[in-house]
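Per-entry structural report
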Amino acid sequence: MEIKLKKDKDYVYANIDDTHEIEILMPNKIENSDSEDYKIREALKNPINSEPLHKIAKPGEKIVIITSDVTRPMKSKVVLPYILRELKSANVDQDDVTIVLALGSHRKHTEEEKIHIVGEEVYKTIKIIDSDMNNCKNFGTCKNGTPVDIFTPVAEADRIICLGNVEYHYFAGYSGGAKAIMPGVSSYDAIQANHSNMVKEGSYAGNLDTNPVRQDIDEVGNHIKIDFILNVLQASDKTIVGAFAGHYIDAHRAACSALDAMYKINIKEKADVVIVSPGGYPKDINIYQAQKALDNARHAVKDGGTIILCASCREGFENAIFEKWMMTKTKEQMVKEIKENFVLGGHKAAAIAMTLMKSEIYMVTDYDKDTIEHIGFKYFNDLQDAVYSAIIKSGHNSRVIIMPAGGSTLPNYVG
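Quick caveat: nothing in here was measured; it's all calculated off a predicted structure.

This part covers the packing of helix α11 (residues 320-328) against helix α13 (residues 346-358). Direction vectors running N to C along α11 and α13 enclose 40°, while the axes themselves pass 7 Å from each other. Judged by the twist between their axes, the crossing of α11 over α13 is right-handed. Counted together, I321, F322, W325 and M326 of α11 and G346, K348, A349 and I352 of α13 form the full contact between these two elements. Considering only residue class, the contact of α11 with α13 consists of 6 nonpolar, 1 polar and 1 charged.

Below, the structure written as structure tokens:
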């Protein structure tokens, strides 16, 4: 059998002997005859538990549209023109509209990246700014003590519109919804406090109602009014296959249910070898982002098995604290320290450490070999070599699971 996986913007290949038991986890096939244009227009025309956006926004109001940064696959340049047309229908002046790119704790964008995100026409006509976690206003605290600190231009807006792509998140349950606010445009302290809940029971991919991280995210809407959201679902080729608009909770939940129908894949047996790709650029732009696919793969591998992570990660670690933890601490130290004192950036390292405690990680990457091996992974620059090594280790009767869209596919072990 030939394997074809996306790495960066290209594909890499390998072969596996058909004598092995091989299962490919791909999204469930969903009828998708309608165009992206139709899905977005219908969502805006029929919002969930909300008036249409053109009836919510009023002339003279300061409007903020929050959308994802360059590390996210959200097709903002496709979605934004529809939102702007809705606002134009409400006679909102384009000078009163600001698009905020939700950085969370990520690096700022170059101007070229801003154009890539929003498209040239929107870039030329609408004010585009990065969020700044050092410029926030406080709106109190969530029930568990997380501060509600919101980027000042968002906090001072008359209307807040949140855009997002809904996919699984390894401790927030799902992306999308009010996650554009928390952590998208929140302070460092707020992000850190929210993410500290990752070590608590219920903080895992695919869980909402009893997830303490998601509870914080959704509670933000009790402190600052989120007027409207538009969330989309995207197939592994980035095509928009679903759109959900309206109330920030109800529309998000509808999107999550649709995501489950597409991407939550039941497996009856875990594998000796799991071969996973985040899905290519931008999901494998760095190790910080590729970790999400690695965590999804963790749900499919047997204890003591091998995960082959096929991810470019040419930008390295992204986050300095994450890099320091990965480079200076043992996996046991990382897990122990994150439980005792949550550190943003360290949380990703601790999540990887928990995976390393369960399985060996081989990495097919464009990043530095010495660094990859120093952090506990086994380095490969060729997918075929990694596959051969993992198969030899696990034996002739090994079971193999392949996850070509590992950033969005969630294995659900049903025994």
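Next up on the list: the environment of S312. Structurally, the position occupied by S312 is in the loop between β16 (301-310) and α11. Along the sequence, S312 and M182 sit 130 residues apart, while their C-alpha atoms lie 28 Å from each other. Here D366 takes part through its side chain, which lies 2.7 Å from a polar atom of the side chain of S312.

Right, let's get into the sheet that holds strand β4 (residues 63-68). The strands making up a sheet associate through backbone hydrogen bonding, with each pair oriented either parallel or antiparallel. Here we have 6 strands laid out as an open sheet, ordered β6-β5-β4-β9-β12-β13, and mixed in their pairing. At either margin of the open sheet sits one strand with a lone partner, and together these are β6 (127-130) and β13 (240-246). Across the sheet, the mean angle from the axis of one strand to that of its neighbour is 20°, orientation sign disregarded. Judged from the 4 bridges that link them, β4 and strand β9 (residues 159-165) form a sheet pairing that is parallel. The partner of V64 across the bridge, within β9, is I160. Packed on one face of the sheet, helix α1 (residues 36-45) meets β12 (228-234) and β13 and runs near 15° to β13. In the packing of helix α3 (residues 76-89) onto the sheet, the strands contacted are β4, β5 (97-102), β9, β12 and β13, and the crossing angle to β4 comes to about 165°.

So, on to a nonpolar patch on the surface. Residues M1, I24 and M26 make up a contiguous nonpolar surface patch of about 250 Å² in total accessible area. Within the secondary structure, I24 is located in strand β3 (residues 21-24).

Attention shifts here to the side chain of K7. Looking at where K7 falls in the secondary structure, it is placed in strand β1 (residues 2-7). In terms of polar contacts, K7 uses its side chain to reach the side chain of D366, at 2.8 Å. Setting aside chain neighbours within four positions, we find K7 in contact with V12, D284, C310, A311, S312, V364 and D366.

Let's shift gears to α11. Those residues of α11 that fall on the buried side of the exposure criterion are F322, W325 and M326. On an axial view of α11, the arc spanned by its buried residues comes to 95°, and they lie on one face. Seen from the buried face of α11, the exposed residues on the opposite side, beyond 90 degrees, are A320, K324 and T328. In the core, the buried residues of α11 are packed alongside α10 (287-298), α12 (331-340) and α13. Where α11 starts, the residue carrying a side-chain oxygen 3.0 Å from the main-chain nitrogen of I321 turns out to be N319.

Across all of its chains, the model carries 6 aromatic pairs by this definition. Centre to centre, the rings of Y168 and Y174 are 5.2 Å apart; their planes meet at 45°, and the pair counts as tilted. Under the relative-accessibility criterion, Y174 is labelled buried at 2%. Ring geometry for Y362 and F380: centres 5.2 Å apart, planes at 40°, overall tilted. You can see Y362 sitting in strand β17 (residues 360-364) and its partner F380 sitting in strand β18 (residues 378-380), a full 18 residues away along the chain. Judged by its relative accessible area of 3%, Y362 falls in the buried class.

Cis rather than trans, the peptide bond between M182 and P183 has omega equal to 10°. Here P183 shows up in the loop between β11 (173-174) and α7 (188-195). Residue P282 is reached from Y281 by a cis peptide bond, and omega for that bond is 5°. The topology assignment puts P282 in the loop between β15 (271-276) and α10. Phi is positive for C313, close to 50°, though the residue is something other than glycine. We classify C313 as buried; its relative accessible area is 0%.

Read from one edge of the open sheet, 6 strands run β3-β19-β15-β16-β17-β18, paired in parallel fashion. Of all the strands in the sheet, the pair left with one neighbour each is β3 and β18. Averaged over all neighbouring strand pairs, the angle between strand axes comes to 20°, with direction disregarded. Note: β15 against strand β19 (residues 399-403), 4 bridges, orientation parallel. Residue pairing across strands places V276 opposite M403, the latter belonging to β19. Relative to β16, α10 is tilted by about 145°, and along the sheet it contacts β15, β16, β17 and β19. Sitting on the sheet, α13 is in contact with β16 and β17, with an inclination near 125° to β16.

Parameters at a glance
- Residues numbered from 1 in each chain as written.
- Predicted model: local features only at pLDDT ≥ 70, side-chain atom pairs only at ≥ 80, totals over all residues.
- Heavy atoms only, no water.
- Axes fitted to C-alpha atoms, helices over the stretch in contact; angles between N-to-C directions.
- Helix = DSSP H or I, 4+ residues; strand = E, 2+ residues; numbered from the N terminus.
- Left-handed = near helix turned anticlockwise from the far one by under 90°.
- Contact = heavy atoms within 4.5 Å.
- Nonpolar A, V, L, I, M, F, W, Y, C, P; charged D, E, K, R; others polar.
- Polar contact = N/O pair within 3.5 Å; in protein donor to acceptor, adjacent residues only side chain to side chain.
- Pairing = 2+ DSSP bridges.
- Patch = residues over 30% accessible without salt bridge, like charges linked within 9 Å, V, L, I, M, F, W, Y side chains within 5 Å.
- Areas by Shrake-Rupley, 256 points an atom, 1.4 Å probe, with all protein chains shown as cover.
- Salt bridge = Lys/Arg side-chain N within 4 Å of Asp/Glu carboxyl O.
- Buried < 20%, exposed > 50% of the residue type's maximum accessible area, 1.4 Å probe, protein only.
- Arc of directions from axis to C-beta.
- Phe/Tyr/Trp six-rings, centres within 6.5 Å; stacked < 30°, edge-to-face > 60°.

Remember, this is a structural readout, not a statement about activity or role.
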